[in-house]
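What follows is each chain in one-letter form.
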Amino acid sequence: AQSVTQPDIHITVSEGASLELRCNYSYGATPYLFWYVQSPGQGLQLLLKYFSGDTLVQGIKGFEAEFKRSQSSFNLRKPSVHWSDAAEYFCAVVPGAGNMLTFGGGTRLMVKP
Amino acid sequence: DTGVSQDPRHKITKRGQNVTFRCDPISEHNRLYWYRQTLGQGPEFLTYFQNEAQLEKSRLLSDRFSAERPKGSFSTLEIQRTEQGDSAMYLCASSLGHPSNQPQHFGDGTRLSIL
């Protein structure tokens, strides 16, 4: 079955440390890939997207993500985390012929001072 | 660009009542999507419109749910005879075109609580 997996439900990092959030998908063809962030009680804000081309994509707030076709992964990274980055992060995909987003279960990020 | 607007932000109602939510997309966005998000989960697709046409519906959208986008601008989502399991955040998103080149932008959602 087609799916999106975020293996880490919770991650805690210290402020200033680096961050990597994992995302794996299972689709036959390369899907369109997205990362969204959600603060408590709020909607989702788009961090970055991958449609085609360069497999390393830059987003807002200093985030980047790398698409690795061989690993069916689209991991999100940030070199130095700020306390304001504490939130829930969702990886999402749109299969090539599809119209809707399919989301992973999310990773809740906590930042220690 | 005022963003996607949803109203109300919160709705508390008794089981069995009908509720209606409204979504105003970003102007000129021809696509509008509804998603449902339960606590601790990622959003799940419900339905989407291209202009005023409802083109796709999820199996999650039971007969008690109906969505409209009468003039291709705002949309409403109605739930009839609400049940406890309907408690969730209902998210609306809009986009300028197909997901292959246009991302979806989300509103802040309507949180529904069924007593």
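Residues numbered from 1 in each chain as written. Chains lettered and ligands numbered in written order. Predicted model: local features only at pLDDT ≥ 70, side-chain atom pairs only at ≥ 80, totals over all residues. Heavy atoms only, no water.

Q: Where do I start with the packing of aromatic side chains in this structure?
A: Given two aromatic rings, their pairing is described by the distance between the two centres and the angle made by the two planes. Tallied over the full model, the rule gives 17 aromatic pairs over all chains. Taken together, a centroid distance of 5.9 Å and an interplanar angle of 85 degrees make the contact between Tyr32 of chain A and Phe51 of chain A edge-to-face. Placement of Tyr32 of chain A in strand E5 (residues 32–38) and of Phe51 of chain A in the loop between strand E6 (44–50) and strand E7 (56–58) is noted, with a sequence separation of 19 residues between them. Phe51 of chain A matches Tyr32 of chain A in its accessibility class, with the two residues each being buried. Their ring planes at 50 degrees and their centres at 5.6 Å tell us that Phe63 of chain A and Tyr89 of chain A sit as a pair that is tilted. In this pair, Phe63 of chain A is assigned in the loop between E7 and strand E8 (64–68) and Tyr89 of chain A in strand E10 (residues 87–94), connecting sequence segments 26 residues apart. The two residues Phe63 of chain A and Tyr89 of chain A agree in class, both being buried. The structure contains a cluster of three or more aromatic residues connected by ring pairs, namely Tyr32, Phe34, Tyr36, Phe51, Phe90 and Phe103 of chain A together with Tyr33, Tyr35, Phe45, Tyr48 and Phe106 of chain B. When the ring centre of Phe74 of chain B is taken as reference, the NZ or CZ atom of Arg22 of chain B above it lies at 3.9 Å. (Phe/Tyr/Trp six-rings, centres within 6.5 Å; stacked < 30°, edge-to-face > 60°. Helix = DSSP H or I, 4+ residues; strand = E, 2+ residues; numbered from the N terminus. Buried < 20%, exposed > 50% of the residue type's maximum accessible area, 1.4 Å probe, protein only. Lys NZ or Arg CZ within 6 Å of the ring centre and 35° of its normal.)

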